[in-house]
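A closer look at the structure
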Amino acid sequence: MLPAMQPLIIPRKEHRISRKKINRNVLRTLYRLHDNGFIAYLIGGCVRDLLLERTPKDFDIATDARPGQIKRLFRNCRLIGRRFRLAHLHFADEILEVSTFRADALPEEPDTESPAPNNHNPRHLKDDTGMVLRDNVFGTPEQDALRRDFTINALAYNIADFSVIDYTTGLADLRDGIIRPIGDPYVRFTEDPVRMLRAVRFAASHHFVIEPATWETLCELSSTISRATPGRLYEEMLKLFLFGAARPACGLMYESGLLAALFPELAKWLGENPDRLNILTTNLGCLDQQYQRGTSPSPALFFAAFFGPLLEERALAGHRDGIPIRLTQDAVCREFIAECSKTVSIPGKVVNQLRNVLAMQHVLHKVPPRRPSVIARRPEFTDALAYLHLADESKGASSSAPAWWNAFLSGKPLSVPTETPTDKAPAKRRRRRKRRRRPAAPADTIHG
Ligand code: ATP
Ligand code: MG
């Protein structure tokens, strides 16, 4: 653990955090804890973002109240987690997380609410490479700040006097736009390799620079990212790529070796031809623009943008061997995702959506289609159309299909030279009634 430093306390009049920017439920929770004699801080990313006048994604509350005490204070509280209990406060439209201050090592004072440490059940456990496997010890506010990942993520906002508390160099780094781990980067990235992705994420989303020695360490350790669990890495992928900074994040991942460690086949494919990186970054840039316009891309659209160019190229190669494109695309996709899932587990539902988005491209390219409304009602239509647009842009192509669909959706279908688009079902062929043959009358009845 790091040695204690005198924290820097910035009084209300010297910082920009206004309570108007803090969600009402969060404020009420902070006040209730404070009114009952507990320390109550906002901590982590929300303080960072409030100081930068950005809207925080979520608010984290930290307190010296133990989980049992929090439960007694809030009727809407549910405790979760077996080893380290966190309090979830359930409001009509959101759940707030309240955690008790934690430390990296055993606290000086024994705590009464968590199980006593013993050899079989230690509360702080690392594997033989230094990765933290378990870490659940109550601590002081300062210890809680020092166990966080980066200096800019360790700032606290104290509801008692509305001051900001900086236990490290968070404020200076925030001002200078620097991502700096708390402590030795080698140790901190080894303890939890996901911190490397978090460093890339904050650098990309905040236009910050990763401190040079930290960047070097990150590049050196990038291959260890695959030690994190596949489920956690999937969650991190979404945070990295769905929130408006996919393009710069991909660039940093490529340069650092993180991309090669997570998606070796994709990195190999990119390395073979410099134009491919261009296609990929243009795709991701389109997703970032979509986010700036107010819609976060779906995971399926992101994976289509990310893997689509590679998968389509491979499917086309298979198709040239005479196998139908639909079949090759499915096989290529299945094989590629199975390989990826060893490091990043993409849920089956998202994989299916991705396959449908790619499969629909052939349908969308044929304009005018027979029954556009039927196509537009398919569940993956919106994502498939978004992919059609971005594939067109990244390839520098200008096929008529994206414009045709835009016009169709705006209610003014374009006429195309061949035939006007029609949404009518094809005219039913009239079934010819079979003429009943009159049974041939026996000759004697005809002639009587
Ligand atoms: P975002 O804006 O994406 O929510 P954030 O910094 O708030 O960014 P969270 O995942 O919400 O990220 O985590 C909240 C806080 O918890 C962080 O700011 C940081 O202080 C701490 N934290 C999260 N993950 C780690 C980690 N792997 N190691 C150390 N501290 C972490
Ligand atoms: Mg957060």
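Located above this text is the structure these notes cover.
Anyway, here's the lowdown on the structure attached to this text. Being a predicted model, the structure only gives us computed values, none of them experimental. Within each chain, residues carry numbers counting from 1 in the order of the written sequence. Here chains are named by letter from A upward and ligands by number from 1 upward, in the order in which they appear as written. The predicted nature of this model means local features are confined to residues of pLDDT at least 70 and side-chain atom pairs, given and counted, to a pLDDT of 80 or more, with totals for whole chains, interfaces and linings taken over all residues. Each side-chain value is worked out from all heavy atoms of the structure, with water and hydrogens disregarded.

**What to know about the pairing of strand β2 (residues 40-43)**
To keep it simple, the criterion reads: The buried label applies to any residue whose accessible area, calculated with a 1.4 Å probe on protein chains only, is under 20% of its type's maximum; exposed applies above 50%, and partly exposed to all values in between. Secondary structure is summarised from DSSP: a helix means a run of H or I of at least four residues, a strand means a run of E of at least two, and numbering begins at the N terminus for each. Being paired, for any two strands, means DSSP has found at least two bridges between them.
Where burial is concerned, the two faces of β2 agree: the one with Ala40 and Leu42 and the one with Tyr41 and Ile43 are both buried. Sheet analysis places β2 next to strand β3 (residues 60-63), joined by three bridges and oriented antiparallel. Within β3, the position partnered with Leu42 by the bridge is Ile61. The pairing of β2 with strand β11 (residues 155-158) spans three bridges and is classified as antiparallel. Looking at β11, one finds that Leu42 is bridged to Tyr157.

**Quick word on the pattern of salt bridges**
In plain terms, the rule: Definition used for salt bridges: Asp or Glu carboxyl oxygen within 4 Å of a side-chain nitrogen of Lys or Arg.
Here the structure, examined in full by the defined rule, presents 16 salt bridges. Arg195 is the salt-bridge partner of Glu191, the closest N and O atoms lying 2.9 Å from each other. Taken individually, Glu191 and Arg195 each receive the classification buried, so the pair is uniform in this respect. Of the charged contacts in the structure, one is a salt bridge between Glu313 and Arg276, with a shortest N-O distance of 2.7 Å. With Glu313 in helix α14 (residues 299-320) and Arg276 in helix α13 (residues 274-292), the pair connects residues that are 37 residues apart, well separated along the chain. Judged by its relative accessible area of 11%, Arg276 falls in the buried class. Among the ionic contacts, a cluster of salt bridges with common partners joins Arg188, Glu191 and Arg195.

**Examining the packing of aromatic side chains**
To be explicit about the condition: Geometry of aromatic contacts follows a simple scheme: Phe, Tyr and Trp rings, the Trp one being its six-membered ring, pair when their centres are within 6.5 Å, and the pair is stacked under 30 degrees between planes, edge-to-face over 60, tilted otherwise. By definition, being over a ring means that NZ of Lys or CZ of Arg is both within 6 Å of the ring centre and within 35 degrees of the ring normal.
One pass over the structure, following the stated rule, counts 17 aromatic pairs. Residues Phe243 and Tyr291 carry aromatic rings whose centres are separated by 6.0 Å and whose planes lie at 80° to one another, so their mutual orientation is edge-to-face. One end of the pair, Phe243, is in the loop between α9 (230-241) and α10 (246-256); the other, Tyr291, is in helix α13, and 48 residues separate them in sequence. Judged by relative accessible area, which is 33%, Phe243 ranks as partly exposed. For the ring pair Phe307 and Phe336, a centre distance of 4.8 Å and an interplane angle of 70° mean the geometry is edge-to-face. Of this pair, Phe307 sits in helix α14 while Phe336 sits in helix α15 (residues 325-340), and the two are 29 residues apart along the sequence. Taken as a pair, Phe307 and Phe336 share a single burial class, namely buried. Here the aromatic cluster, defined as three or more aromatic residues joined through ring pairs, consists of Tyr234, Phe241, Phe263, Phe302, Phe303, Phe306, Phe307 and Phe336. In this structure, Arg19 is placed above the aromatic ring of Phe162, and the distance from its NZ or CZ to the ring centre is 3.7 Å.

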